[in-house]
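Here is how the chains run, residue by residue.
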Amino acid sequence: MEPARYVHREPGEGCLATAVRFPVRVVVLILVVPVRLLWDALATAARAVDRTVLRPLGRGLALLWRTLVLRPVAWTWRTLVVLPLAWVWRTLVVAPLALAWRHVLAPLGRGLARVVRGLGAGLWWLGHRLVVVPARWLYAWVLAPVGRAVGWVLTGVVTVLAALVRWIVLVPAVALWRYLLGPVLGALATVLTVVVREVADALGHCWRVAGAISRAVGRFLGAVLRRLVAEPLRWAYRHVLTPLGHAVRDGVWRPVRRALRGVRETVRQTRREIRKALFGTPAPERRSAAVPPHREPGGRGTRTLGSSTTALTKD
C-alpha cells in the first residue's frame, strides 16, 4: 500500500501518484481479501475440529488403550507369569534348599567341626611330645653351649682384627693426613683462594671500565645521531612540513570540502524536486503551506465528485 504521508489528490500533488494509487489499491484489495477470508475460515475450522473432534477422540483412544490393552496385559503378567514363577521358585528351589540345610548340611557341618577339634587336640599333644620337648632338650644341652663357644671365638677374632686394622691402617692414615696431606692441601687451598679472589677483582674492575667506555661511546653516537638526524628532521618538520600541511589544509582541503558539501546539497535539492514532481508534495509540507501561521484552518467544503474520499483512495 502507499505510505500514509501521501494523501488523496490535492493541488500541488504529483500526477503520477494520483494515476498509480487507485489501480494499485484495487488490485491489492482483490488479491488480499479472498486470501484473508480463506485463512480465517481455515483457522476457525481447525480450532473447531481440534476442540470438538481431535481432543475427545484422543481422550477416548487413551481410555480404550488403558482399558483394553494395558490393564489386561498387566493382569495377565501378574496372574500367569509372576505368581506361577514365584510359586515354582519357593516350592522347587527355596523349600528343598532350606530342608537340605536344616537336616543335612548343618548336622554334617557340626559333626565335621567336632572331628576337626578332636584331631586338633590329639595333634597338639603329639606335637608337644614329639617336637617341643626334644627341641627344648636340644637347645639347652647342644645349641646353647655351642653358640656360647662360637661367640667367644668370634669375639676374640673381631678384637684381634680391630687391633690390626687400627695399628696398620687408621694410625698411619691419621698421621699421614695430620703431618703431610693436611698442611699441603691447606697451602694449596690458600693459594687457590688468593688466585680466585684476584681474578674476581680483576674481572669486576675490567667490567666497570668497559661500562664506562660503553657509556662514553653511546653518548658520542647519540650526539652524532642527534646532530645529523634528529635535529634536521625536527627543523624540517617545524619549518617545512607544518607550514606546507597548513597551506594544503587551508588552500586545498577546506575548499574541496566546502565544494563537496555544496554538491551534496545540490543533489539533495534536485532529488527533492524530482520526488515532488513524481509523487507530489508530502502531507506535512502541503498542510504547513495551506494554513497560514497564527490562523485557524477553514472548514471542509461540500463533498463533490472531484474529491477523492472513497475507501479505496483515502488513507
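How each quantity is defined
The numbers attached to residues start from 1 for each chain and follow its sequence in the written order. Since the coordinates come from a predicted model, pLDDT governs what is reported: local features require at least 70, and pairs of side-chain atoms require 80 or more to be given and counted, while whole-chain, interface and lining totals use all residues. Side-chain measures were taken over the full set of non-hydrogen atoms in the model, leaving aside hydrogen atoms and water. Helix numbering and strand numbering both begin at the N terminus, where a helix is a DSSP run of H or I of at least 4 residues and a strand a DSSP run of E of at least 2. Summary of the burial criterion: residues with accessible area below 20% of their type's maximum are buried, those above 50% are exposed, and those between are partly exposed, where the area comes from a 1.4 Å probe applied to protein chains only. Only the protein chains shown count as cover for residues, with accessible areas throughout obtained via the Shrake-Rupley method and a probe of 1.4 Å. Like-charged residues within 9 Å of one another, or nonpolar side chains (Val, Leu, Ile, Met, Phe, Trp, Tyr) within 5 Å, are grouped into patches, provided each residue has over 30% relative accessible area and no salt bridge. By definition, a salt bridge exists where a carboxyl oxygen of Asp or Glu is found within 4 Å of a side-chain nitrogen of Lys or Arg. When charges are counted, Lys and Arg contribute as positive and Asp and Glu as negative, whereas His and the chain ends are disregarded. One atom stands in for each charge, and that atom is NZ of Lys, CZ of Arg, CG of Asp or CD of Glu. Within a predicted model, pLDDT stands for the predictor's per-residue confidence, ranging from 0 to 100. Only heavy atoms enter the contact rule, under which two residues are in contact if any of them lie within 4.5 Å.

Please explain the overall build of the chain as it appears in this structure.
When you go through the chain residue by residue, the secondary structure sums to two helices and zero strands. Put simply, the chain has 315 residues, and 5% of those count as buried. Accessible surface computed for the chain: about 26,600 Å², of which carbon and sulfur atoms make up 74%.

Help me understand a positive patch on the surface, please; the structure alone is not making it clear to me.
A grouping of Arg257, Arg258, Arg261 and Arg264 is seen on the molecular surface, where their side chains present a positively charged patch. Mapped onto the fold, Arg261 is located in helix H1 (residues 15–279).

Please clarify how the pattern of salt bridges should be interpreted in this entry.
Where charged atoms from two side chains of opposite charge come close, those side chains can pair. If you walk through the whole model with that rule in mind, you get five salt bridges. The residue Asp50 makes a salt bridge to Arg55 at a minimum N-O spacing of 2.9 Å. Residue classification places Asp50 among the partly exposed positions, given a relative accessible area of 26%. Notably, a salt bridge pairs Asp250 with Arg249, separated by 3.3 Å at the nearest N-O pair. Under the relative-accessibility criterion, Asp250 is labelled partly exposed at 38%. On the accessibility criterion, Arg249 (36% relative accessible area) is partly exposed. Residues joined in a network through salt bridges with shared partners are Arg249, Asp250 and Arg254.

Help me understand a nonpolar patch on the surface in this model?
On the surface, Val153, Val157, Val160, Leu161, Leu164, Val165, Trp167, Ile168, Val169, Leu170 and Val171 cluster together into a nonpolar patch covering about 1,000 Å² of accessible area. A residue is classified by how much of its surface remains accessible, and Trp167, at 57% relative accessible area, is exposed.

What am I meant to see in the confidence of the model for the chain here?
Predicted coordinates in areas of low pLDDT are best not read in detail. Per-residue confidence for the chain gives a mean pLDDT of 78, with 76% of residues at or over 70. Taken as a whole, residues 1–8 scores under 50 in pLDDT and shows 26 contacts with residues more than four places along the chain or in a different chain. Here residues 295–315 is a poorly scored stretch, pLDDT under 50, and it has 21 contacts once near neighbours within four places are set aside; other chains count.

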